Amino acid sequence: MASSVTGPEIERLIQLLARLPGLGPRSARRAALHLIKKREALMAPLTGALQTAMDRIQVCKTCGNIDTTDPCTICTDPRRDPAIIVVVADVADLWALERANAINGLYHVLGATLSPLDGIGPDDLAIDSLVSRAHQAQVKEVVLALNATVDGQTTAHYITDLLQDADVKVTRMAHGVPVGGELDYLDEGTLSAAMRQRTLF
Ligand code: ZN
C-alpha cells in the first residue's frame, strides 16, 4: 500500500468520501482537498447539513419514504391524490419519479424486490402494510413502478396476487425501458411518459 501523504484525520475523510456512490479513491481525494480548501464556504455548511440530517431524518411509517417528518411531506400533502398508491422498490425510485413529476399520488416503498438468490423473501419487504393500505376505501389504483428486471417482475406478480381481494385496479408503468433497466437511471421524460401510459397488470 502506498504511504500516506496526510495525517490520519484527512486520510479518514478521504476513505469515508470514497465510500460514496460514484466516487472512487481518486475523486474522493480531490473532493477532500476541495472541501479542505473551501473550509468556510463549503465544509462548514456541509458539516452542519450532515449533522441536521443525521439528527432529524426519519422513515415514514406510512409509506417508507425518508424525510425529516413522520408522516412524510408527501403523505401529508393535501394536493396528492389519495386514490393512487405508487409502489417502488427503493426511496431512490420514489425520488426519481418525483423529480420527473411523473404522478401526483402517494407512494409505498417496499425496501427491495423479491430475490430468492439473495435470500430476500416477502417478509423482508413492506408488503403487509401495502396490502392493508390497498384495502382502504379511498384507494382505487395501485401502480407497480418496479424495475424491469426478473426480480422486479416476480415482485409485481406476487403483489398482484395478494391484491386480488382488494377493490383496486393494479397497473404498471409502460416500460419503454430496456430489460434490466432501473428507474433511477431513466431520464425524466421517459419516466413520466411511462407513468402516463401505464397499463392494467
Ligand atoms: Zn410517507
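Above: the structure in question.
Cut-offs applied
Residues numbered from 1 in each chain as written. Predicted model: local features only at pLDDT ≥ 70, side-chain atom pairs only at ≥ 80, totals over all residues. Heavy atoms only, no water. Helix = DSSP H or I, 4+ residues; strand = E, 2+ residues; numbered from the N terminus. Buried < 20%, exposed > 50% of the residue type's maximum accessible area, 1.4 Å probe, protein only. Pairing = 2+ DSSP bridges. Contact = heavy atoms within 4.5 Å. Axes fitted to C-alpha atoms, helices over the stretch in contact; angles between N-to-C directions. Donors = N, O, S within 2.8 Å, 3.2 Å for Na, K, Ca; no water. Tetrahedral: all angles 85-135°; square planar, octahedral: opposite > 155°, others 65-115°. Core = buried A, V, L, I, M, F, W, Y, C linked by side-chain atoms within 4.5 Å.

J.: Explain unusual backbone geometry residue by residue, including any values.
T.: In this structure, the amide linkage connecting Asp70 to the following residue, Pro71, adopts the cis form with an omega of 0°. Along the chain, Pro71 falls in the loop between strand E2 (66-67) and strand E3 (81-88). Even without being a glycine, Asn101 presents a positive backbone phi close to 55°. Accessibility expressed as a relative area gives 69% for Asn101, which makes it exposed.

J.: Could you give an account of the sheet that holds E3, with specific residues and numbers?
T.: Reading across from one edge, E4-E3-E5-E6-E7 is the order of the five strands in this open sheet, with mixed pairing throughout. Each edge of the open sheet is held by one strand with a lone partner, namely strand E4 (105-109) and strand E7 (199-200). Sheet topology places strand E6 (residues 169-172) next to E7; two bridges connect them, and they run antiparallel. Of the residues in E7, the one forming a bridge with Thr171 is Leu200. Those strands touched by helix H4 (residues 91-99) are E3 and E4, and its axis lies near 160° from that of E4. Along the sheet, helix H6 (residues 150-162) makes contact with E3, strand E5 (141-144) and E6, crossing E5 at roughly 165°.

J.: Give me the lowdown on the coordination of the zinc ion, citing residues and values where you can.
T.: Surrounding the zinc ion are the protein donor atoms Cys60 (SG), Cys63 (SG), Cys72 (SG) and Cys75 (SG), at 2.3 Å. Coordination at the zinc ion is tetrahedral: its four donor atoms span angles of 104 to 117° at the metal. In terms of primary sequence, the donors binding the zinc ion are separated according to C-x2-C-x8-C-x2-C. Taken together, the residues span a long stretch of sequence, with Cys63 in the loop between strand E1 (58-59) and E2 and Cys75 in the loop between E2 and E3 at a distance of 12 residues. Here Cys63 falls in the buried class, since its relative accessible area comes to 3%.

J.: Kindly report on the nonpolar core, identifying the contributing residues and their values.
T.: Within the largest apolar cluster, 25 residues are counted, with the highest numbers of intra-cluster contacts made by Val86, Leu97 and Met195. When residues of this core are traced back to their parent elements, those giving at least two are E3, H4, E4 and helix H7 (188-196). For this core, the leading source of residues is H4, giving four residues. If we skip the residues at most four places from it in the chain, Met195 touches Val86, Leu97, Ala102, Ile103, Val143, Ala145 and Met173.

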